[in-house]
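# Fold and contact review
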Amino acid sequence: MTSTFLPDQRTGRDTDPPPPAARASRGRARRRAVNWLTAVGFQLPALVLFIGLVLLPMLFALYAGFFRWGGFGMPSDYIGGDNFTRLFEDPVFLGDLWRCLVLVVLSLALQLPFALAMAVLLNQKLRGRAVYRMLFFAPYVLSEAITGVLFSMVFAPDDGLADNALGAVGLDGLGGEWFADPSWVMATLFLVMTWKYFGFHMMLYLAGLQSIPRELTEAALIDGAGPWQRFRNVTLPLLAPTLRISVFLSVIGAIQLFDLVWVVTQGGPDHHSETMAVTMFQYGFKRYQVGYASAISVVMFGICLVFALAYQRFVLRRDLEGATTTMRGGGA
């Protein structure tokens, strides 16, 4: 049977339908274009908000850091890098860096191990463990302002709950001006921070512990491993990704700490509890030295950025590579 083709009226030549490969290629191109436009449509509002509320303020803070500016009108008194030079000659800011380091060390050495110990304890079959979990996590739900006001009353001199409790057990000499004594203010502040934030890290660890297959610990138990050996050789290695994320959040939180300190001490007494964020607020909104405050904000951002990049490069690298490998394997 002979095939019949219709002639093209314009050219007079026979026309054939496009081959299947060409049709499939054009279909894939159209699907890619539609998918790309859909992705752009969904991401555009978030991108606009990010540029308007994050990127542009960051760039303006960097720009304002090169001016002597009181916050009114546009910056015009250009002073170059004097604000940044002044930072590292300012004993208050250098003290802020030292106090930040102290908080980071105390968090890693005391707060996170305490949260891990409580998570391991509450991961056991205990009566009422759901209630304990709720009670330990509840402080994290409270705002920093409420926590600050609460502990301002708890540690009030003479008539606060802390002094009354110590007096009831005959330890009156240990009480005193908790937030007013330069020797005790950072320790007291760290105690409040631990009460506020350890529940969050505890819940992170609990989630990580519950994702560990029970068969592994049971196998270790059958092999004769004791509780410490099971924790060290089975639980801790499998919990390592969660621990690394917890450490990252703890360090970044210590660098950016502001609201809790501001409500409780406002950086006093005599700057002994001041943090970089509190110093920035003091200069920007109390002394109207917005150019200098902008320089502080740029340095804070630089510290967080350098730490985040270094931590991702040297600590989280294996976790990120594992996640990428898993995603690629699932997509294949």
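Here the residue index of a chain counts from 1 through its sequence in written order. Under the rules for a predicted model, residues below a pLDDT of 70 receive no local features and side-chain atom pairs below 80 are neither given nor counted, while totals for whole chains, interfaces and linings still include all residues. The side-chain values count all of the structure's non-hydrogen atoms but skip hydrogen atoms and water molecules.

## Side note on the overall build of the protein
Worth spelling out the cut-off: By definition, any uninterrupted DSSP run of H or I lasting at least four residues is a helix, any uninterrupted run of E lasting at least two residues is a strand, and each is numbered from the N terminus. Only protein chains enter the accessibility calculation, which uses a 1.4 Å probe. A residue is then buried if its area is under 20% of the maximum for its type, exposed if over 50%, and partly exposed in between. In this description, contact between two residues means that some pair of their heavy atoms is separated by no more than 4.5 Å. All accessible areas in this document rest on Shrake-Rupley with a 1.4 Å probe, and a residue is counted as covered only by the protein chains that are shown.
Regarding its fold elements, the protein presents 13 helices and zero strands. Reading the protein from its N terminus to its C terminus gives the helix and strand order α-α-α-α-α-α-α-α-α-α-α-α-α. A total of 332 residues make up the protein; the buried ones form 33% of that total. The contacts in the protein between residues at least 6 apart in sequence include a share of 63% that link residues at least 24 apart. Of the accessible surface of the protein, which amounts to about 21,000 Å², a share of 66% is contributed by carbon and sulfur atoms.

## Structural notes on the UniProt feature "transmembrane region" (unreviewed entry) in the protein
Quick note on the threshold: UniProt positions are given in the numbering used here, feature names are shortened, and annotations may be inferred rather than shown by experiment.
Mapped onto this structure's residue numbering, the UniProt feature "transmembrane region" (unreviewed entry) falls at residues 33-66, 101-122, 134-156, 184-207, 238-258 and 290-311. With 83% helix and 0% strand, residues 134-156 has its two end C-alpha atoms placed 27 Å apart. Within the segment residues 290-311, helix and strand shares are 100% and 0% respectively, and the terminal C-alpha atoms sit 31 Å apart.

## A short note on the pattern of salt bridges
Heads up, the condition is: By convention in these notes, a salt bridge is any Lys or Arg side-chain nitrogen within 4 Å of a carboxyl oxygen on Asp or Glu.
Enumeration over the complete set of coordinates arrives at three salt bridges. In this structure, the salt-bridge partner of E144 is K196, at a minimum N-O distance of 3.9 Å. Here E144, found in helix 5 (residues 144-154), pairs with K196, found in helix 7 (residues 185-210); they are 52 residues apart in sequence, far enough to count as distant.

## Considerations on the packing of helix 3 (residues 91-122) against helix 9 (residues 227-255)
Each pair of packed helices gets described by two things: the angle between the helix axes and the distance between those axes. Counted only if it meets this: In this analysis an axis means a line fitted to C-alpha atoms, helices contributing only their contacting stretch, and an angle means the value between N-to-C directions, from 0 to 180 degrees. Each angle receives one of four descriptions, namely roughly parallel if under 35 degrees, roughly antiparallel if over 145, roughly perpendicular if within 65 to 115, and oblique otherwise. Note on convention: the crossing is left-handed when the near helix lies turned anticlockwise from the far helix by less than a right angle, right-handed when the turn is clockwise. The nonpolar class holds Ala, Val, Leu, Ile, Met, Phe, Trp, Tyr, Cys and Pro. Asp, Glu, Lys and Arg form the charged class, and all remaining residues, Gly among them, are polar.
It is at 10 Å that the axes of helix 3 and helix 9 come closest, and there the two elements cross at 140°. Here helix 3 lies oblique to helix 9, going by the angle between them. Crossing angle aside, the handedness with which helix 3 passes helix 9 is right-handed. Here helix 3 contributes C100, L103, V104, S107, L108, L112, L116 and V120 to the contact with helix 9, which in turn contributes F231, L236, L239, L243, S246, V247, S250, V251, A254 and I255. The class makeup of the residues in the contact of helix 3 with helix 9 is 15 nonpolar, three polar and no charged.

## Observations regarding the side chain of Q111
With respect to the secondary-structure elements, Q111 resides in helix 3. What Q111 contacts, discounting residues up to four positions off in sequence, is L106, F190, M193, T194, Y197, F198 and H201.

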